[in-house]
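# Structural features, examined
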Amino acid sequence: MLLNGKAIAQEIQAEIAGQVHQITGRKPGLAVVLVGHNPASQAYVRSKKKACALVGIQSLVIELPASIALSDVIYEIEKLNQNPSIDAILVQLPLPPHLDESQITAAIDPNKDVDGFHPINVGKMLLGEEGAFLPCTPLGIHVLLQKSSIPIEGQHVVIIGRSNIVGKPLAAILMQKKRHCNATVTIAHSQTKNLAVLTRSADILVAAIGRPHFIKKEMIQPGATVIDVGINRLPDGRLIGDVDFESVSEVAGHITPVPGGIGPMTIAMLLQNTLRGYNDQK
Ligand code: GUN
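As a starting point, this report considers the structure included with it. (Residues numbered from 1 in each chain as written. Predicted model: local features only at pLDDT ≥ 70, side-chain atom pairs only at ≥ 80, totals over all residues. Heavy atoms only, no water.)

We now examine the sheet that holds strand E6 (residues 204-207). Backbone hydrogen bonds are what pair the strands of a sheet, in a parallel or an antiparallel way. With parallel pairing, five strands are arranged side by side in an open sheet as E5-E4-E6-E7-E10. Every interior strand has two partners, whereas the edge strands, strand E5 (184-188) and strand E10 (254-255), have only one. As judged from the four bridges shared by E6 and strand E7 (residues 225-228), these two strands associate in the parallel manner. Residue valine 206 lies in a different strand from E7, and its bridge partner there is isoleucine 227. Against the sheet, helix H7 (residues 167-174) makes contact with strand E4 (156-160), E5 and E6, and its axis sits at roughly 170° relative to E5, the strand it touches most. (Pairing = 2+ DSSP bridges. Helix = DSSP H or I, 4+ residues; strand = E, 2+ residues; numbered from the N terminus. Contact = heavy atoms within 4.5 Å. Axes fitted to C-alpha atoms, helices over the stretch in contact; angles between N-to-C directions.)

Okay, structure coming up:
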């Protein structure tokens, strides 16, 4: 069965639009910092801007040249930290190689850090404290599983990919000792031995690898839930996931499509985090 991230994201966006509509006076504001000319990043930023407009959130895109110095990026972030009409700040990744990602994310006011990448928010997430911003993609996966009534507690979740954006935070969220979490989590990566043995033991398999159609039918436990986080653009322009959807959907119990699965959920969570940032700043 298809897990329709797009439809669930639209429901969430409609709720957010309703709440934003009720706000009289200043509307929530998101600032997106885009450094350089990475075409994929430019496309993501356009989608984020469009989604904001659809729900009534103000958005401001700060475009900076690829050659910019670290101190100048930090200066721009500090201006946004001080700007009372901005509730949420996001620096689109990846950054040009000369810019240190950790220094840049650490410059964002943790109370405006809607990506949840600031060390304070990462720490709170790991400690299971309420009130931290959770990264949008893992949060979107968790919400999609819950809204699709997929059991999580006690289930074996195998996540392939150990990135700071998806794999690590998703593991932290799903292993929390609380309702709708309590999963047994395994993280696999490029050095993992006997990957297929591991993936076949997964009740929920999450592919966040960045390699087109890496996950094949033989790697799936019949009936498992398969979450595809991959967005790979082929030379002909088509977008395909990390999962070989056609064959895997023959054995999976539930599966997300690409496009129309996790991508829209990520954007819905960004809007939700932005609204929360607004409500917290008030
Ligand atoms: N690049 C890929 N995914 C993300 C994300 O969730 N946030 C940011 N800022 N950049 C990304």
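Following the structure, the description resumes.
It is worth spelling out the pattern of salt bridges at this point. Note on pairing: side chains with opposite charge can pair once their charged atoms come close. By the definition in use, this model includes six salt bridges. Residue aspartate 87 pairs with arginine 26 through a salt bridge whose shortest N-O separation is 2.9 Å. Of this pair, aspartate 87 sits in the loop between helix H3 (70-82) and strand E3 (88-91) while arginine 26 is found in the loop between helix H1 (5-22) and strand E1 (29-35), placing the two residues 61 residues apart along the sequence. Arginine 26 gets classed as partly exposed once you look at its relative accessible area, which sits at 35%. One salt bridge in this structure joins arginine 276 and aspartate 280, with 3.8 Å as the shortest N-O distance. Taken together, the positions of arginine 276 and aspartate 280, both in helix H10 (residues 262-281) and four residues apart, correspond to about one turn of that helix. (Salt bridge = Lys/Arg side-chain N within 4 Å of Asp/Glu carboxyl O. Buried < 20%, exposed > 50% of the residue type's maximum accessible area, 1.4 Å probe, protein only.)

Here we take up the environment of proline 169. Among the structural elements, proline 169 can be located in helix H7. If we ignore the near neighbours within four places in the chain, the residues touching proline 169 are Met125, Pro135, Pro138, Ser163 and Asn164.

Turning our attention to the packing of aromatic side chains. Applying the stated criterion to the full structure yields zero aromatic pairs. The ring of phenylalanine 133 carries the charged tip of arginine 276 above its face, separated from the ring centre by 4.8 Å. (Phe/Tyr/Trp six-rings, centres within 6.5 Å; stacked < 30°, edge-to-face > 60°. Lys NZ or Arg CZ within 6 Å of the ring centre and 35° of its normal.)

Moving on, we get to the sheet that holds strand E2 (residues 58-64). With parallel pairing, the three strands of this open sheet are ordered in space as E2-E1-E3. Since the sheet does not close on itself, it has two edges, and those belong to E2 and E3, each with one partner. Adjacent strand axes in the sheet meet at a mean angle of 15° when their direction is disregarded. Judged from the seven bridges that link them, E1 and E2 form a sheet pairing that is parallel. Each bridged residue has a counterpart across the sheet, and for alanine 31 the counterpart in E2 is leucine 60. In the packing of helix H2 (residues 39-55) onto the sheet, the strands contacted are E1, E2 and E3, and the crossing angle to E1 comes to about 170°.

Cis geometry is adopted by the peptide bond preceding proline 94, which originates at leucine 93 and carries an omega value of 0°. When you line up the elements, proline 94 lands in the loop between E3 and helix H4 (101-107). Going from valine 258 to proline 259, the amide bond is cis rather than trans, its omega being -5°. Mapped onto the elements, proline 259 comes out in the loop between E10 and H10. Despite not being glycine, asparagine 194 shows a phi value in the positive range, around 50°. For asparagine 194, a relative accessible area of 60% gives the class exposed. Despite not being glycine, histidine 213 has its phi angle at roughly 50°, a positive value. Mapped onto the elements, histidine 213 comes out in the loop between E6 and E7.

Within the element layout of this structure, histidine 118 appears in the loop between H4 and helix H5 (119-127). Histidine 118 sits in the buried class, given a relative accessible area of 8%. Ignoring any residue separated from it by four or fewer positions in sequence, one finds histidine 118 in contact with Thr105, Ala106, Ile108, Pro110 and Asp113.

Moving on, we come to the side chain of serine 41. Looking at where serine 41 falls in the secondary structure, it is placed in helix H2. We classify serine 41 as buried; its relative accessible area is 2%. Excluding residues within four positions of it along the chain, serine 41 makes contact with Leu34, Gln92, Leu93 and Pro94.

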